[in-house]
Amino acid sequence: MAELKHHDEPTHHEHHIVSPGVYLAICATLLVLTATTTAVSYVDLGEYNTVVALAIACTKMTLVVLFFMHIKYSSKLTKLTVAAGFFTFIVLIMMTMTDYISRAWGRW
Amino acid sequence: MDSHTLAAQTADTGHVEDEHAPFLRHHFESVPQQREAATFGMWLFLTTEIMFFGGLFCSYLIFRNWYYPAFVAGSHTLHIWAGTLNTTVLIVSSFTMAMAVHAAETRVRRALMGWMIATLILGCGFLCVKAYEWHDEWVDHHVPGLNFGPESFLHGTKAYPDDKLPLDVAEKTQLYFSLYFLMTGMHALHMIIGVSLLTILLIQVRGGKYVNGHVAPIENFGLYWHFVDIVWIFLFPLLYLISRHQ
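Q: Explanation requested: the packing of aromatic side chains in the structure shown.
A: The description of an aromatic ring pair rests on the distance of the ring centres and on the angle between the ring planes. Residue and element names in this part refer to chain B. Going through the model one piece at a time under the given rule, you end up with 23 aromatic pairs over all chains. When the centroid spacing of 6.5 Å and the interplanar angle of 55 degrees are considered together, the rings of Y60 and Y176 count as tilted. Residue Y60 is located in helix α3 (residues 31–66), and its partner Y176 is located in helix α7 (residues 167–206); the two are separated by 116 residues in the primary sequence. Its relative accessible area of 0% is what places Y176 among the buried residues. Following the ring pairs from residue to residue traces out a cluster consisting of Y60, F71, F153, Y176, F177, Y180 and F181.

Structural data, given as structure tokens:
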């Protein structure tokens, strides 16, 4: 009975243990991406150097958050907390940038 | 129920053991609930950390656009090999920490200690490389406020002969280095705190803790460690890489 009640709870979340194989694969991918971003920095892509470097960094961050930090296997509450954190961060950055871009409008 | 049946049930489901686990606080209904609460709290803390480092990244973005030539010249003085080495060291240390959490989940004490020691060594290795770089910057008079001279940006360097800045622009490289030391310094402070916490946890594991299903402290430390890794994943391209061809 106690078992049944436990599983019926809306907050119930089945715990998942990530296997070492997954960790190893993610680690290898992250190292390959590190080598890639360093190698690409030696190629002159103009302003796209920044775009490529940040795209690779975002990919690495996503891999770390999803697998090393278990968010792929976490409860909805945890997923929502992480999403809310990043969303608020992006809102704050956008607001600040909008201010700085528009403040000296036409004078640069 | 005699002790034999109880032991069998414990090995089978883990339920009897968990309901009366010594680490289960009285205000929680079950171990999973306690663990979920700990994860939630840890992520709330990490959210405040995102905002903290986010402010630094934001000012880097704005000042880099305002004093672009000075930031490019400042970035040219960093060693890409050291940044790449440190990124590699931190990623491998994140892997060893993830394995430590796995060892805590599967309750293998020797493996847990081994992976924690590996993480500790890699964390210290990162700090050593960082200290070497800071020493280089001190020798080159690139430390604003304490030991700064614009001379190295006036006549070009061996690697970048075109880095001949007018004196007023050369002075502005202090903004780049201020942000560089603030960002890598705050990151290193987080690493030092991490290494200290890891040492304490390691001593506790040696005393027999965290291999009885009480994974939350190890797991939450892992989250902190991975977060510090993510900060470096962004610092590395922004400080070392993106200005190389500008």
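Q: How should I be thinking about the interface of chain A and chain B in this particular structure?
A: Often, the extent of an interface is quoted as the loss of accessible area upon association of its parts. Facing the 49 residues of chain A at the interface are 48 residues of chain B. The contact between chain A and chain B buries some 4200 Å² in all, and 77% of this surface belongs to carbon and sulfur atoms. At the junction of chain A with chain B, the criterion picks out 0 salt bridges. For the interface between chain A and chain B, the tally reads 6 residue pairs in polar contact (both at pLDDT 80 or more). Looking at the side of chain A that touches chain B, the elements with two or more residues in it are α1 (2–8), α2 (20–41), α3 (48–68) and α4 (76–103) of chain A. Tallying contributions element by element places α4 of chain A first for the side of chain A that touches chain B, with 13 residues. Class assignment for the residues of the side of chain A that touches chain B results in 28 nonpolar, 16 polar and 5 charged.

Q: Help me understand helix α6 (residues 109–139) of chain B in this model?
A: Note on helix geometry: an α-helix contains 3.6 residues per turn, so any two residues three or four positions apart are oriented the same way. Residues and elements named next belong to chain B. In a regular helix each residue adds 1.5 Å, so 31 residues correspond to 45 Å; α6 covers 45 Å between its end C-alpha atoms and thus fits that length. What α6 keeps buried is the set L112, M113, M116, T119, L120, G123, F126, V129, K130, E133 and E137. Phi turns positive one or two residues past the end of α6, at H141, with a value near 60 degrees.

Q: Before we go on, may I ask you to explain the domain arrangement of chain A in this structure?
A: All names here are of chain A. The domain boundaries assigned to chain A delineate domain 1 (16–73) and domain 2 (75–108). Taken together, the contact pairs 5 residues of domain 1 with 5 residues of domain 2. Buried area between domain 1 and domain 2, both sides added, is near 350 Å², and the carbon and sulfur share of it is 78%. On the domain 1 side of the interface with domain 2, the three residues burying the most area are M61, V65 and I71, jointly 79% of the side's total. There are 0 salt bridges connecting domain 1 and domain 2. The tally of links between domain 1 and domain 2 comes to 0 residue pairs in polar contact (both at pLDDT 80 or more). Considered class by class, the residues forming the side of domain 1 that touches domain 2 number 4 nonpolar, no polar and 1 charged.

Calculation rules
Residues numbered from 1 in each chain as written. Chains lettered and ligands numbered in written order. Predicted model: local features only at pLDDT ≥ 70, side-chain atom pairs only at ≥ 80, totals over all residues. Heavy atoms only, no water. Phe/Tyr/Trp six-rings, centres within 6.5 Å; stacked < 30°, edge-to-face > 60°. Helix = DSSP H or I, 4+ residues; strand = E, 2+ residues; numbered from the N terminus. Buried < 20%, exposed > 50% of the residue type's maximum accessible area, 1.4 Å probe, protein only. Contact = heavy atoms within 4.5 Å. Buried area = accessible area lost by both parts, 1.4 Å probe. Salt bridge = Lys/Arg side-chain N within 4 Å of Asp/Glu carboxyl O. Polar contact = N/O pair within 3.5 Å; in protein donor to acceptor, adjacent residues only side chain to side chain. Nonpolar A, V, L, I, M, F, W, Y, C, P; charged D, E, K, R; others polar. Expected span 1.5 Å × (residues − 1). Domains from an automatic or database assignment.

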